[in-house]
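Here is how the chains run, residue by residue.
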Amino acid sequence: MTDATAPISALHDDLAAAFQIEGWPVRGRLVRMGDAINTILSSHDYPLPVARLLGEACALAALVGSALKFDGRLLIQAQGDGPVRYVLADYGTDGTMRGFCRYDEGELKALCDSKEAPGAQDLLGKGLFIMTLDRGPDFERTQGMTPIEGDSLSSCAEHYFIQSEQIPTKVNLALGQITTDTGTQYRAGGALIQVIAGDEARGSTEEIWDRTRALFSTLSDEELVDPTITPETLLYRLFHEDGVRLEGPTALKAQCRCSRERIVTVLQSFSEDDRNEMVEDDGLIHANCEYCSTDYHIDPVEVTVPAPEARH
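Each chain carries its own residue numbering, running from 1 in the written order of its sequence. With pLDDT at 70 or above as the cut-off, local features in this predicted model cover only qualifying residues; side-chain atom pairs require 80 or more to be listed or tallied, and sums for whole chains, interfaces and linings still use all residues. Only hydrogens and water are set aside; all other atoms, that is, all heavy atoms of the structure, feed into the side-chain values.

1. As for the packing of aromatic side chains
Turning to step 1, where the next piece is worked out: What counts as a ring pair is set by centres within 6.5 Å for rings of Phe, Tyr and Trp (its six-membered ring), and what kind of pair is set by the plane angle: stacked under 30 degrees, edge-to-face over 60, tilted for all other angles. Per the counting criterion, the structure on display carries 7 aromatic pairs.
Turning to step 2, where the next piece is worked out: When the centroid spacing of 6.3 Å and the interplanar angle of 65 degrees are considered together, the rings of Tyr 46 and Tyr 103 count as edge-to-face. You can see Tyr 46 sitting in the loop between α1 (35–42) and α2 (48–65) and its partner Tyr 103 sitting in strand β6 (residues 96–103), a full 57 residues away along the chain.
Turning to step 3, where the next piece is worked out: Here's how the labels work: a residue is buried when its accessible area is under 20% of the maximum for its type, exposed when over 50%, partly exposed in between, all with a 1.4 Å probe on protein chains only. Note on Tyr 46: relative accessible area 9%, which makes it buried.
Turning to step 4, where the next piece is worked out: One aromatic cluster is present, formed by Phe 19, Trp 24 and Phe 239 through successive ring pairs.
Turning to step 5, where the next piece is worked out: In this structure, Arg 98 packs its charged tip against the face of Tyr 291, placed 3.7 Å from the ring centre.
Turning to step 6, where the next piece is worked out: For a ring to carry a charge above it, either NZ of a lysine or CZ of an arginine must fall within 6 Å of the ring centroid while also lying within 35 degrees of the normal to the ring plane. Cation over ring: Arg 135 sits above Phe 70, and NZ or CZ is 4.2 Å from the ring centre. Secondary structure follows DSSP: runs of H or I at least 4 residues long count as helices, runs of E at least 2 residues long count as strands, and numbering of each begins at the N terminus.

Here is the structure:
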């Protein structure tokens, strides 16, 4: 545990951590992303509204996924009929992350020409916000979904927690850019608070929840992404009167799970006729990873499926 008034911790960027306000029936989590989100977004030439949507989705995935008590993955998805068709952020409980978007360039330009700062619902249109828990091949995936509502992924997430888990929740997500000696870089941040329901021993928690939300509402996007403000300082600014602790930070890292071997295995699942149609003029099959934009050039011989051995 790290007291919010203590000196800067060794891990103060690219992290997800829980925080606890002394004596309050409120759970909180904080995410700060520098190199991790810059690596994910810089793999693509996304227009800023699309980059912002994916950056916020990644921050949200880290906020929620870092609280999981099992080894696996959390997927945050949003899909609709708007200019941005699909957003996916993939968080592994080892702190690895990846993500991508699909969008229609013409529709997005028309929207941005007509609206200066389009929100999540403008970009995604009518559709679904989805959280998926993947515990590995030995378990079925569990999934919850709600309609896309509001101008931000923050509001989509708040609506999800109320509808799917009946947990009052406030979420703040932000994406920004900073200029360094090496150029412009993306940064992302996120914070989440949830109230613990009252009971006979605890009594009503409504008054404390109202006070927590009021303090939380003062958190700005600039503070969430500012690399000069440590997590401890940020929490101290919000809750210094009551005492706040940062607990067990998890390091975050951009890491795609694609590989040449995986691509070959996928291609082998297609029929021979389909694989033959994939061969381009240079005699190779070209495949591109949607997450990290890595191009793979595969010799058709590599994906030839061996004929089954004849029985004697």
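We are not done yet, so read on.
2. What about the side chain of Ser 154?
Turning to step 1, where the next piece is worked out: Tracing the chain through its elements places Ser 154 in helix α5 (residues 153–165).
Turning to step 2, where the next piece is worked out: Its relative accessible area of 8% is what places Ser 154 among the buried residues.

3. Focus: unusual backbone geometry
Turning to step 1, where the next piece is worked out: Within the chain, Asp 14 stands out as a residue other than glycine whose phi angle is a positive 50 degrees.
Turning to step 2, where the next piece is worked out: Relative to the elements of secondary structure, Asp 14 occurs in the loop between β1 (2–3) and β2 (15–21).
Turning to step 3, where the next piece is worked out: Although it is not a glycine, Gln 166 adopts a positive phi angle of roughly 55 degrees.
Turning to step 4, where the next piece is worked out: As for its position among the elements, Gln 166 is in the loop between α5 and β9 (169–180).

4. Let's talk about the state of the cysteines
Turning to step 1, where the next piece is worked out: Cysteine sulfurs are considered disulfide-paired once they come within 2.5 Å of each other. Under the definition given, this model contains 0 disulfides.
Turning to step 2, where the next piece is worked out: Of all cysteine sulfurs, the one in Cys 101 lies closest to Cys 112, which takes part in no disulfide; the gap is 13 Å.

None of this, on its own, says anything about what the molecule does.
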